[in-house]
Amino acid sequence: MAATNASKEQKYDRQLRLWGDHGQEALENAHVCLINATATGTEILKNLVLPGIGAFTIVDGHTVSGEDVGNNFFLSNNNIGKNRAQAATELLQELNSDVSGNYVEESPDKLLDNDPEFFHRFTVVIGVHLPESTCLRLGSVLWSASVPFLVCKTYGLIGYMRLVVQEHTVIESHPDNALEDLRLDQPFAEFKNHIQSYDLDSMAKKDHSHTPWVIVVAKYLAKWLSEHNSQPPKNYKEKEAFRQFIREGILKNENGVPEDEENFEEAIKNVNTALNPTKVPNSVEDLFNSEQCNNITSQSLSFWVMLRAVKDFVHKEGNGSLPVRGTIPDMIADSQKFINLQNVYREKAMQDAAAVSKHVECLLQSVGKPPESISEKDIKLFCKNASFLRVVRCRSLAEEYSVDSVNKDEITSCMDNPDSEMVFYLMLRAVDRFYQQHSRYPGTAKVYTDLSLKNSLNQMGAEPYQLVPFIGKGSNSTCRYGAAEPHTVAAFLGGSAAQEAIKIISHQFVPFSNTFIYNAMSQTSATLQL
Amino acid sequence: MNLLLFSLFREKKRRRVVELTEKMVVDGGTCEWEGRWNHVKKFLERSGPFTHPDFEPSTESLQFMLETCKILVIGAGGLGCELLKDLALSSFRNIHVVDMDTIDVSNLNRQFLFRPKDIGRPKADVAADFINSRIPGCCVVPHFKKIQDLDETFYRQFHIIVCGLDSIVARRWMNGMLLSLLVYEDGVLDPGSIIPLIDGGTEGFKGNARVILPGMTACIDCTLELYPPQVNFPMCTIASMPRLPEHCIEYVRMLLWPKETPFGGRKSLGLIIIKFDMRLTRPLLTNGVVLDGDDPEHIQWVYQRSLERAAEFNITGVTYRLTQGVVKRIIPAVASTNAVIAAACATEVFKIASSAYISLNNYMVFNDVDGLYTYTFEAERKENCSACSQVPVDLHFSPSSKLQEVLDYLTESASLQMKSPAITASVEGKNKTLYLQSVASIEQRTRPNLSKTLKELGLTDRQELAVADVTTPQTMLFRLSFTS
């Protein structure tokens, strides 16, 4: 209804400016599963309910304890003794009436025993404080079903997240500092013509001072090339000379004093980046060389079909370059000159996108799919973001945990640095191992320096990791934590994990890969590949 | 640094453990239940290898946190709501919150203590009510006020102050207030007068959290260059050479609105009375209704006119959303970033109050656009910081410089970034207001001074100028240093 859409537009205004209406739509079609409504779990869910995910389901077989209520905003003391999934659902649901909340009063192990396909319906599954065995079982089910899995844990002052997704494609990565796509080193025909339509030497001062810097650089570059055997300025000395060359072009008044020409100053300032050679970024080349790109089938995702089409474009119409992006930065110029220049790039971008479209059609035809399967709009968006495409692939939990495929190199190289967060990863693994054996966490019995934690670590095959100097401090610290879940650490993880889930759901911005550790003692963090 | 901090807290604890506020009685019946503070106790009652060297585990710490420790939260918005929750669930019960705003529908995507029915009500009041009813025993006291409406007696009562503000001006004011509370005895700072300031800020997917010990560590003004001034579009672009849709919108906001005075007000007889000052973001209207970014009718008017302006120049891209964003200077915001930064700040509050761990030293930045990135470093104190160095800042000008140049320096220099400074000096034994903007009659009277030279104004070398501005609660002293 128009009324509800208008009020949602207002309510979500501040986040729509980040991920747009299409991103919001993806969120509203998502169904998130949370396993275990601990403080960490409910904090994560809060940051998904507030922005308006379609639905959530909490799976939790535990009953609410006094301790649970003490650190959890979404449990109250009259919930003590009730099922935790049900209790938390009520207070989370209350946050946003647009969201539909559900609960299952069951442990994940039971569900895995009786109905593993239960988990197939979710857009993403978030598992909090799962014992190792449950984690691995669930991980395997979700891996086969291609459902993204986010594992989270708060243990004392340490936060831990692990993303498990086979292949996650990102078209809109929204990079912070993207280089412009101006093609000054390889001006396309229409750009060349446009440059030629300017004659700087015969321009009146007003026009001269309001010519876009891109045109200024292009003009002077053309002159330079003709005087330097078609070699553009390459080293610092040559670039300095080029900058000076442009500076000499600034108009002078009757006394020989240079006028104030801001556009020329902009040109000089931008020489460095303007001379960057246009090339396909390595990350995109890698994608071109991947199996999914080269082997398009009727099962291929649109992402790979479009990528292959772009690759084909690069080798044909693009002459080794990606489709022109079509945007230019603002620059000192009068309106008409700027708009005309902008249109040159926009039109070229449209042309290139149309050519890519033809390749997409061919590819779709070749695998028996109708050309409408991928829209023009999607192809345009893909072309605009061609330099920024990203694909995230994580190893499975089975690979991480198996003694045969454990990432020893990453672990040993991190451990060279005594401040590395890697030590906490190993501690958490040892803690899980301890739990498997003793059915409790270290430090939760009366004596809280559990020496058996060290044994667990040893059992994990700790020696190859040369942990000896760190084990003492780390394990004592871990025992002190006694599986405490301080609210502030749970809340930090709550924000972090929720945003990663939003990235997975919306396919915008780039998720971490694959392990994130937060150390609240030093307020530092690390991302590890395990 | 941390030893000093620890002893300061110990001292405060000893002095205040006997003061029990009326509402802070730990009541076995309604407020407590078995195991409630288990998660917190493990940090207060056990020692460990990473804890503070002077930390002594005890059961008294929890009592201090529950009954005595007084925390002030500034702002009850995106960060403020999170902070109140985090502190309440970390065993703090004695919390005050200050916020001058009322609730808007666009707050609801992240300010989770508010509901649609609360729209229009003061944030501080609604936030306090929610926390107090959700967290039994917690007593949040709201203040629906500007921070400037409260005085040093108010601020002095707190052990720690946490800021979740959305304005640099307000942060600097708070910074200045806490600096003004510092007591020096024979040139030595009394640690008991230090109130730690934890400051958090967010913008989209970026954020930062920092710990400031006024008088000891880098203050807000020491690192002012980290917040470069907001860039506004040049006037000639807006007036005659628009290229972007934003330029069209600014044209309507700054030039067309005052000229056409829609929604009431009289047009002056053919003359457009607009004062142009490039440093201000609003023209000074002498007649007509001021553009209200929260009024959809106003925004609709600006949007339509912006479309017309854009059409004139073949510019595409003007949308309603963009219009509102430009007029209100909207900063995108989402729940997750606020949750992360507030949590980091609250962790620091807990560490300082309990002395259980060494606190952040002293600045952390966070960005989750691409993976999750944090960077932690120690921001350094600036030797000649205009706020905390206690040494009057030198102003180097020639006696033939005009007062306008001094004014420009105060507003444009990256290290000062003042908004509308009022300058007074002692001339021939009398206190003379050289220039003041905020009162129209005085502005008119002192405006001619701007084009006079410092010599003409009777100012001498090495003399002090006192400058007042919204960025600081206290007058800032400068010393004129004449160059030849």
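Residues numbered from 1 in each chain as written. Chains lettered and ligands numbered in written order. Predicted model: local features only at pLDDT ≥ 70, side-chain atom pairs only at ≥ 80, totals over all residues. Heavy atoms only, no water.

1. So, the overall build of chain B
Across its full length, chain B holds 14 helices and 17 strands. Relative to its full complement of 484 residues, chain B shows a buried share of 56%. Counted over contacts in chain B with a minimum sequence separation of 6, partners at least 24 positions apart contribute 66%. For chain B, the exposed surface amounts to about 20,500 Å²; the carbon and sulfur share of it is 52%. (Helix = DSSP H or I, 4+ residues; strand = E, 2+ residues; numbered from the N terminus. Buried < 20%, exposed > 50% of the residue type's maximum accessible area, 1.4 Å probe, protein only. Contact = heavy atoms within 4.5 Å. Areas by Shrake-Rupley, 256 points an atom, 1.4 Å probe, with all protein chains shown as cover.)

2. Examining helix α23 (residues 487-506) of chain A
Residues and elements named next belong to chain A. Under the 1.5 Å per step criterion, the end-to-end length of α23 is 28 Å for 20 residues, consistent within 8% with the ideal 28 Å. α23 sits mainly inside the fold: 20 of its 20 residues count as buried. Where α23 terminates, the next one or two residues include His507, which has phi positive at roughly 55°. (Expected span 1.5 Å × (residues − 1).)

3. Considerations on the interface of chain A and chain B
Taken together, the contacts link 83 residues of chain A with 81 residues of chain B. The junction of chain A with chain B conceals about 6,900 Å² of combined surface from both sides, 58% of it contributed by carbon and sulfur atoms. Counting the contacts that link chain A with chain B gives nine salt bridges. With a shortest N-O distance of 2.8 Å, Arg321 of chain B and Glu9 of chain A are connected by a salt bridge. Summed over the shared surface of chain A and chain B, the number is 37 residue pairs in polar contact (both at pLDDT 80 or more). Here the element with the most residues in the side of chain A that touches chain B is α23 of chain A; it accounts for nine residues. Class assignment of the residues belonging to the side of chain A that touches chain B gives a composition of 36 nonpolar, 27 polar and 20 charged. (Buried area = accessible area lost by both parts, 1.4 Å probe. Salt bridge = Lys/Arg side-chain N within 4 Å of Asp/Glu carboxyl O. Polar contact = N/O pair within 3.5 Å; in protein donor to acceptor, adjacent residues only side chain to side chain. Nonpolar A, V, L, I, M, F, W, Y, C, P; charged D, E, K, R; others polar.)

4. A few points about the side chain of Arg110 of chain B
Structurally, Arg110 of chain B can be placed in the loop between β2 (94-98) and α5 (123-134). Buried and unpaired, Arg110 of chain B has Asp166 of chain B as its nearest opposite-charge partner, separated by 7.5 Å. A distance of 2.7 Å separates polar atoms of two side chains, one belonging to Arg110 of chain B and the other to Asn109 of chain B. Once residues lying within four places of it in the same chain are set aside, the contact partners of Arg110 of chain B are Arg14 and Leu50 of chain A together with Ala333, Val334, Ala335 and Asn338 of chain B. (Lys, Arg positive; Asp, Glu negative; His and termini not counted.)

5. Observations concerning empty space enclosed by the protein
For the structure shown, the criterion picks out five cavities of 30 Å³ or more. There is about 130 Å³ of room inside the largest cavity. In terms of lining, the largest cavity is formed by 13 residues, of which the most central are Leu157, Pro486 and Thr488 of chain A together with Phe43 and Phe350 of chain B. Elements represented by at least two residues in the lining of the largest cavity include exactly α23 of chain A together with α2 (38-44) and α12 (335-354) of chain B. (1 Å grid on protein atoms, 1.4 Å probe; cavity = no way out; pocket = protein on both sides within 12 Å on 5 of 7 lines; lining within 4 Å. Points joined across faces, edges and corners; volume = space filled by probe spheres on them.)

6. Observations concerning the sheet that holds strand β16 (residues 464-469) of chain B
Residue and element names in this part refer to chain B. Pairing is mixed in the open sheet, where five strands are placed in the order β13-β17-β16-β14-β15. In this open sheet, the two strands that pair with only one neighbour each are β13 (393-397) and β15 (430-435). Shown here is a sheet whose adjacent strand axes are inclined to one another by a mean of 35°, direction ignored. Examined bridge by bridge, β16 and strand β17 (residues 472-482) share five bridges and lie antiparallel to one another. Within the sheet, the bridge partner assigned to Asp469 lies in β17 and is Thr472. Relative to β13, helix α13 (residues 403-412) is tilted by about 135°, and along the sheet it contacts β13, β14 (422-427), β15, β16 and β17. (Pairing = 2+ DSSP bridges. Axes fitted to C-alpha atoms, helices over the stretch in contact; angles between N-to-C directions.)

7. Let's talk about the packing of helix α15 (residues 302-315) of chain A against helix α16 (residues 335-366) of chain A
All names here are of chain A. Where α15 contacts α16, the axes come no closer than 8 Å and their chain directions differ by 120°. Put simply, α15 runs oblique to α16. The handedness of the crossing between α15 and α16 comes out as right-handed. Mapping the contact onto sequence places Val305, Met306, Arg308, Ala309, Val310, Asp312 and Phe313 in α15 and Asp352, Ala355, Val356, His359, Val360, Leu363 and Leu364 in α16. (Parallel < 35°, antiparallel > 145°, perpendicular 65-115°, else oblique. Left-handed = near helix turned anticlockwise from the far one by under 90°.)

8. A look at the sheet that holds strand β10 (residues 524-528) of chain A
All names here are of chain A. With mixed pairing, the eight strands of this open sheet are ordered in space as β3-β2-β1-β4-β5-β6-β9-β10. The open sheet has two edge strands with one neighbour each: β3 (100-104) and β10. Averaged over neighbouring strand pairs, the angle between their axes works out to 15° when direction is ignored. Relative to β3, strand β2 (residues 55-59) runs parallel, the two being bridged by five bridges. When the bridges of β3 are listed, Thr57 appears paired with Asn102.

9. Remarks on the UniProt feature "domain: E2 binding" (unreviewed entry) in chain B
Under the local residue numbering, the UniProt record ascribes the feature "domain: E2 binding" (unreviewed entry) to residues 395-483 of chain B. Between the end C-alpha atoms of residues 395-483 of chain B there is a gap of 10 Å, over a span that is 19% helix and 36% strand. (UniProt positions renumbered as here; feature names shortened; annotations may be inferred.)

10. Concerning the environment of Ile505 of chain A
All names here are of chain A. Relative to the assigned elements, Ile505 resides in helix α23. Along the sequence, Ile505 and Leu27 sit 478 residues apart, while their C-alpha atoms lie 6.3 Å from each other. Once residues within four sequence positions are removed from consideration, Ile505 is found in contact with Ala26, Leu27, Ala30, Val32, Ile53, Thr123 and Val124.

11. Regarding the layout of surface pockets
In this structure, the second largest pocket spans a volume of roughly 700 Å³. Every residue lining the second largest pocket is counted, 29 residues in all, and those nearest its centre are Thr38, His62, His129, Tyr435 and Tyr441 of chain A. Within the residue set of the lining of the second largest pocket, elements represented by two or more residues are α4 (66-71), α6 (108-114), β5 (149-155) and α20 (422-438) of chain A together with α2 of chain B. In terms of residues, the lining of the second largest pocket owes the most to one element, β5 of chain A, which gives three residues. Along the lines of polarity and charge, the residues of the lining of the second largest pocket split into seven nonpolar, 13 polar and nine charged.

12. What to know about the packing of aromatic side chains
Going through the model one piece at a time under the given rule, you end up with 26 aromatic pairs over all chains. Both rings, one in Tyr303 of chain B and one in Tyr320 of chain B, keep their centres 5.8 Å apart while their planes meet at 80°; by these two values the pair is edge-to-face. Of this pair, Tyr303 of chain B sits in helix α10 (residues 296-312) while Tyr320 of chain B sits in helix α11 (residues 320-327); the two residues are 17 residues apart in sequence, bridging distant segments of the chain. Residue class for Tyr303 of chain B comes out buried when judged on its relative accessible area of 18%. Ring centres 6.1 Å apart and planes at 80° place the aromatic pair Phe397 of chain B and Tyr409 of chain B in the edge-to-face group. Linking Phe397 of chain B in strand β13 with Tyr409 of chain B in helix α13, this pair joins segments that are twelve residues apart in sequence. Looking at Phe397 of chain B, the relative accessible area reads 10%, which means it is buried. Through a chain of ring-to-ring contacts, the aromatic side chains of Phe73 and Phe74 of chain A together with Phe112 and Phe130 of chain B assemble into a single cluster. (Phe/Tyr/Trp six-rings, centres within 6.5 Å; stacked < 30°, edge-to-face > 60°.)

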